[in-house]
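The residues making up each chain are set out below.
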Amino acid sequence: MEKEQLAEHVRKILASLPSHVTLEAAAKTRTAEEVQAVIEAGVTVVGYNYLQEAEGIKTRVQADVRWHLIGHLQKNKVKKAVELFDMIETIDSLTLAEAVNTHCERLDKIMPLLIEVNSGREANKSGVLPEEVIPLVRRIAQLPQVRIQGLMTMGPLLDDPQRLRLYFKLVREIYQEIQTLNIPSVEMKVLSMGMSDSYLVAIKEGATQVRLGTLLFGPRDISF
Ligand SMILES: *Cc1c(COP(=O)(O)O)cnc(C)c1O
């Protein structure tokens, strides 16, 4: 898409979202120019799956925007992730959160986190199982340099986005249950769910942040 056309398109999507929903640009494979264009059109959160890609783009984009990690975080990359990102959306174990906490201590930084939920209970997917979320939240809540701010889920890959509703609902119910627990230092204010083909369903089920790639930028050239 041409830069102006892209900006116009992004403004339309932004205007169509309810005011409590944040649009996160899922920016994998996009050029720095494309990322700059969506930010200028009003996007305030940019998500990356890979650290290297985020680092490369970050140095070339001039903007006041928040950078989120939305891909799986490997333990040996935690230091770099803590330096690069303003939020990590994919925490799924205590050891990972502890490693983030340790690096944050060194940098004197507080890192906002989302807990990734494996809502489809898929064997080869990251994320914690639904019943493990609350016990994990309680333990991570005790780490001084991190702050749990919500939950994130992908859900299974299904042809019909309506069939994802069940999974989004499940995660929203856990989110609401955590809200009622009033766990010290834990906030439930970000519910990150829904992608290009499922974001409308996700919003109906309570998403406060949707992660859009294809719908925002157009089809990806490289299969991902
Ligand atoms: C790529 C990606 C998205 C966006 O996917 P689209 O279908 O292109 O909108 C959202 N979340 C994560 C974690 C992704 O990797």
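As the structure is a prediction and not an experimental result, all values here were calculated from the model. (Residues numbered from 1 in each chain as written. Predicted model: local features only at pLDDT ≥ 70, side-chain atom pairs only at ≥ 80, totals over all residues. Heavy atoms only, no water.)

**Topic: the pairing of strand E6 (residues 146–153)**
Judged by how many residues are buried, E6 sits mostly within the fold: seven of eight residues are covered. Pairing analysis gives seven bridges linking strand E5 (residues 111–117) to E6, with the strands arranged parallel. Note on E6: the bridge partner recorded for Pro112 is Arg147. Note that the unit made of E5, helix H6 (residues 133–140) and E6 has a crossover that is right-handed. (Buried < 20%, exposed > 50% of the residue type's maximum accessible area, 1.4 Å probe, protein only. Helix = DSSP H or I, 4+ residues; strand = E, 2+ residues; numbered from the N terminus. Pairing = 2+ DSSP bridges. Right-handed = clockwise from strand over helix to strand, strands pointing away.)

**What about the nonpolar core?**
By size, the foremost hydrophobic cluster in this structure holds 75 residues, and its most contacted members are Val100, Ile115, Ile140, Leu151 and Ile178. Here this core takes six residues from helix H5 (residues 94–107), the largest share from any one element. Discounting chain neighbours no more than four positions away, the residues touching Ile178 are Val133, Ile134, Val137, Leu151, Ile183, Val186 and Met188. (Core = buried A, V, L, I, M, F, W, Y, C linked by side-chain atoms within 4.5 Å. Contact = heavy atoms within 4.5 Å.)

**Description of empty space enclosed by the protein**
Summed over all chains, the structure comprises one cavity of 30 Å³ or more. Here the largest cavity is characterised by a volume of approximately 60 Å³. What lines the largest cavity is simply Glu116, Val117, Asn118, Ser119, Gly120, Glu122, Lys125, Ser126, Thr153, Met154, Gly155 and Pro156. Its residues assigned to classes, the lining of the largest cavity shows three nonpolar, six polar and three charged. (1 Å grid on protein atoms, 1.4 Å probe; cavity = no way out; pocket = protein on both sides within 12 Å on 5 of 7 lines; lining within 4 Å. Points joined across faces, edges and corners; volume = space filled by probe spheres on them. Nonpolar A, V, L, I, M, F, W, Y, C, P; charged D, E, K, R; others polar.)

**Observations regarding H5**
A rise of 1.5 Å per residue sets the reference length of H5, with its 14 residues, at 20 Å; its end C-alpha atoms lie 20 Å apart and thus fit the reference within 8%. Taken together, the buried positions of H5 are Leu94, Leu96, Ala97, Ala99, Val100, Asn101, His103 and Cys104. Buried residues belonging to H5 abut helix H4 (78–84), strand E4 (87–91), E5, H6 and E6. Just downstream of H5 lies Asp108, where phi reads positive at about 55°. (Expected span 1.5 Å × (residues − 1).)

**Here we look at the site of the ligand**
Around the ligand, the neighbouring residues are Ala26, Lys28, Asn49, Ile70, Met154, Met195, Ser196, Arg211, Leu212, Gly213, Thr214 and Arg220. Between an oxygen atom of the ligand and a side-chain N or O atom of Lys28, the distance comes to 2.6 Å. Between Asn49 and the ligand, the recorded distance is 2.7 Å, taken from a side-chain N or O atom to an oxygen atom. Here the residues of the shell around the ligand are counted per class, giving five nonpolar, four polar and three charged. (Near = heavy atom within 4 Å. Polar contact = N/O pair within 3.5 Å; in protein donor to acceptor, adjacent residues only side chain to side chain.)

**Topic: the layout of surface pockets**
Gaps left between atoms show up when a probe the size of a water molecule is rolled over them. Taken as a whole, the second largest pocket encloses approximately 170 Å³ of empty space. Along its surface, the second largest pocket is lined by Asn49, Tyr50, Leu51, Gln52, Glu55, His72, Leu73, Gln74, Lys77 and Lys80. Considering each element in turn, the lining of the second largest pocket owes the most residues, three residues, to helix H3 (residues 51–58). For the lining of the second largest pocket, the class distribution of residues is three nonpolar, four polar and three charged.

**Observations regarding the environment of Gln5**
Secondary-structure assignment places Gln5 in helix H1 (residues 3–16). In this structure, the C-alpha to C-alpha distance between Gln5 and Glu187, residues 182 residues apart in sequence, is 38 Å.

**A short note on the pairing of strand E2 (residues 45–48)**
Alternating positions in E2 separate into two faces, Val45 and Gly47 on one and Val46 and Tyr48 on the other, with burial throughout. As paired elements, strand E1 (residues 22–26) and E2 share three bridges and run parallel to each other. Note on E2: the bridge partner recorded for Ala25 is Val46. Chirality of the crossover, the property in question, places the unit of E1, helix H2 (residues 32–40) and E2 among those that are right-handed. Where E2 and strand E3 (residues 66–69) come together, four bridges link them in parallel fashion. Residue Val45 lies in a different strand from E3, and its bridge partner there is Arg66.

**Looking at the side chain of Gln145**
Here Gln145 lies in the loop between H6 and E6. Accessibility expressed as a relative area gives 14% for Gln145, which makes it buried. Residues within four places of Gln145 in sequence aside, it is in contact with Asn101, Cys104, Glu105, Asp108, Lys109, Ile110 and Met111.

**Describing the pattern of salt bridges**
Taken as a whole and assessed by the stated rule, the structure comprises eleven salt bridges. Among the salt bridges present, the one from Glu8 reaches Arg11, with a minimum N-O distance of 3.3 Å. Of the two residues, Glu8 and Arg11 both sit in helix H1, three residues apart, roughly one turn of that helix. (Salt bridge = Lys/Arg side-chain N within 4 Å of Asp/Glu carboxyl O.)

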